[in-house]
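Analysis of the macromolecular model
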Amino acid sequence: VVRRRLLQRYEHQPFISCLAGFYSCRWKRYQRERTEPGKCCCNMVNELKTSTATDFSFCFSLVFLYTWGEGKNDYNGFDWYNYGNLGFWFLWSLVILIVAAVLFAYTSLLLVLAMCLLAEGQQLYLHWSHKIGTFLVLGFTISSLFALSILWRDHRKTVRLSFQVTAPYLHIGAIAIMVLLSWPVALHAIRADKKVIQVIIVGPYLAILLFLFLIPLGMYSPCIREKGTLGPKPALIGHRGAPMLAPENTEMSFLKTIEHGGDGLETDVTISYDGVPFLMHDDTLRRTTNIHEVYPNETGKAASLFSWDSLQKLNAGTWFLKNKPFLGMGSLSKADQNQAMNQSIYTLSGFLRLADSHNKLVIFDLYRPPEKHPYRNLWIRKILDVILKESKIKRHLVLWLHNSVRSFVQSVAPGFQHTMGRKAPIEDLLKHNIVKLNLVYTDMSSEDIRKYAEANITTNFYVVNEPWLYSLAWCSGAHSVTTNAVHLLKDLSQPLFLMTPRQYNIMWILTDLTSAFLISLIFAL
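Residues numbered from 1 in each chain as written. Predicted model: local features only at pLDDT ≥ 70, side-chain atom pairs only at ≥ 80, totals over all residues. Heavy atoms only, no water.

Here we take up the UniProt feature "domain: GP-PDE" (unreviewed entry) in the protein chain. Feature annotation in UniProt places "domain: GP-PDE" (unreviewed entry) on residues 234-493, given in this structure's numbering. Secondary structure content for residues 234-493 is 35% helix and 17% strand, while the C-alpha to C-alpha distance between its ends is 11 Å. (UniProt positions renumbered as here; feature names shortened; annotations may be inferred. Helix = DSSP H or I, 4+ residues; strand = E, 2+ residues; numbered from the N terminus.)

And the structure:
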């Protein structure tokens, strides 16, 4: 009798065996006798804890994957931040993205397995290794999101901006998930033997579904607009040239920007110990030159404390080929590799002559030399001499950003387009003859852009690399963006996610009606 009961209980069922094997690591032992959905089929207390942990792990891993995925625009800055702290180059951003995707796939698989087992009336015995894995995922994602919120606060603004273009499609995805969940919910609710249990199962599900049906009422996106109301495509200003195609702040980098149709060039200017303004973003030469080979004992020395003769001995291109600083930047042709290997530090004078010869706008950050530098108090005058006397660039091409001596610059060099690096009242901007704002992209607001445009003040946002972010800037009315990816953004013929209100309303109504019909059909069956 015992043997017959064992055979009845453990009769081979391949599908259930696979489900139980992956979920519980029980490849041979499984429950044959079904437990009707809606009835207690497991240790309620323990399985409720496990189920809750799995659900939270899934939710947090999804949030982390979306959050980190939408932060791709700033991956390069994140990797260089780690380089500055760790001393070696590595694509940490890519590693985190892969880890986030793997964790989300893992928790998703556990949920799918659990749903299938419940639908088959099987008991849920999550293996101890999966329990550990679930809690590790939960701990990792929560700590990672917390670290991002503390160390990279602007990233939260990036995520909020992303909702303005992705929200309509996230809404469809959420509705699709609710349709899939309707099957196990209906199965357990209909077969539940008590009304209270049915209400507990169906109530929260219907509340969430109703919320999702109505959430588009409060949704806003500048890319949902009537035909004919979209402004012109924002101009493209190469951030340090084209740093995905050539070493940043080199002649090759700016030539690549011009070759791909960039409208302007952005750079960073410091001044050598003997008074030659040159292009360099960092305080030191360690990241973008081979100083460790030429001057190994001076790698931590400020770039402005080297003479121009010493700076000319450095190579400013080999690091680019070695580190490949951008994710997905592709491979260079043999000719481009040879050209990159022979790049040197570029002078401000050469940069301005190049921009003037191709009629390109220029905008630059100026770095004051440190204490005891011979040009500590003369640096602005020296830079103005290069602009006005050496390069003789057309003045309307210069977007003057530096704010501390603006009145002096306006008096000795009329004709510059004066630019402010922060938001300010329109009255103050007009008082100082400001014609453009140069703002970080996280300050993007279609309302502010429109308000400044009415006062003939245009806006430029930096650094915009991703097509979705460029599309948002376009829909919001931005005049220009500073970007590392001129060669990619120039090919966009219209913003991504652009649609009319009528098209969106049709999409919203069809989504809700279709999902309501499918869910009703599933519950009826």
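On to the UniProt feature "transmembrane region" (unreviewed entry) in the protein chain, then. According to UniProt, the positions carrying the feature "transmembrane region" (unreviewed entry) are residues 89-120, 132-152, 167-187, 199-220 and 506-524. Structurally, residues 132-152 is divided into 95% helix and 0% strand, and its ends, taken at the C-alpha atoms, are 29 Å apart. Annotated as 100% helix and 0% strand, the span residues 167-187 places its first and last C-alpha atoms 31 Å apart.

Summed over the entire model, instances satisfying the criterion amount to 15 salt bridges. Residues glutamate 259 and lysine 256 are paired through a salt bridge, measuring 3.7 Å at the closest nitrogen-oxygen approach. One end of the pair is glutamate 259 and the other is lysine 256, both in helix α9 (residues 251-259) and 3 residues apart, which spans about a single turn. By relative accessible area, which is 55% here, glutamate 259 ends up exposed. In this structure, lysine 423 engages aspartate 448 in a salt bridge whose closest nitrogen and oxygen atoms are separated by 2.6 Å. Here lysine 423, found in the loop between β6 (417-420) and α17 (426-431), pairs with aspartate 448, found in helix α18 (residues 446-454); they are 25 residues apart in sequence, far enough to count as distant. The class of lysine 423 is partly exposed, set by a relative accessible area of 31%. On the basis of relative accessible area, aspartate 448 is assigned to the buried category, the value being 19%. Sharing partners across several salt bridges, the network here consists of Arg240, Glu248, Asp268, Asp282 and Arg287. (Salt bridge = Lys/Arg side-chain N within 4 Å of Asp/Glu carboxyl O. Buried < 20%, exposed > 50% of the residue type's maximum accessible area, 1.4 Å probe, protein only.)

What follows concerns the state of the cysteines. Going through the model one piece at a time under the given rule, you end up with 1 disulfide. Between cysteine 223 and cysteine 475 runs a disulfide, and the two sulfur atoms are separated by 2.3 Å. Given an S-S torsion of about 105 degrees, the disulfide between cysteine 223 and cysteine 475 has right-handed geometry. In this pair, cysteine 223 sits in the loop between α8 (195-214) and β1 (235-239) while cysteine 475 sits in helix α19 (residues 467-476), placing the two residues 252 residues apart along the sequence. Grouping residues by exposure puts cysteine 223 and cysteine 475 together as buried. Free cysteine cysteine 116: the closest other cysteine sulfur is in cysteine 18, separated by 12 Å. Judged by its relative accessible area of 21%, cysteine 116 falls in the partly exposed class. (Disulfide = S-S within 2.5 Å.)

One finds Leu429, Met444, Phe461, Leu469 and Tyr470 to be the most contacted residues of the largest nonpolar core, which totals 31 residues. Of all the secondary structure elements, the ones that give two or more residues to this core are α7 (154-190), α17, β7 (436-440), α18, α19 and α20 (486-489). If you tally residues by element for this core, the top one is α19, at 7 residues. Looking at which domains feed residues into this core, each of domain 2 (152-224 + 499-524) and domain 3 (236-491) gives three or more. Non-local contacts of leucine 469, meaning those with residues more than four positions away in its chain, are made with Asn73, Leu161, Tyr441, Met444 and Val464. The next biggest cluster of nonpolar side chains, apart from the first, holds 28 residues, and it includes Phe254, Tyr346, Leu352 and Leu384. (Core = buried A, V, L, I, M, F, W, Y, C linked by side-chain atoms within 4.5 Å. Domains from an automatic or database assignment. Contact = heavy atoms within 4.5 Å.)

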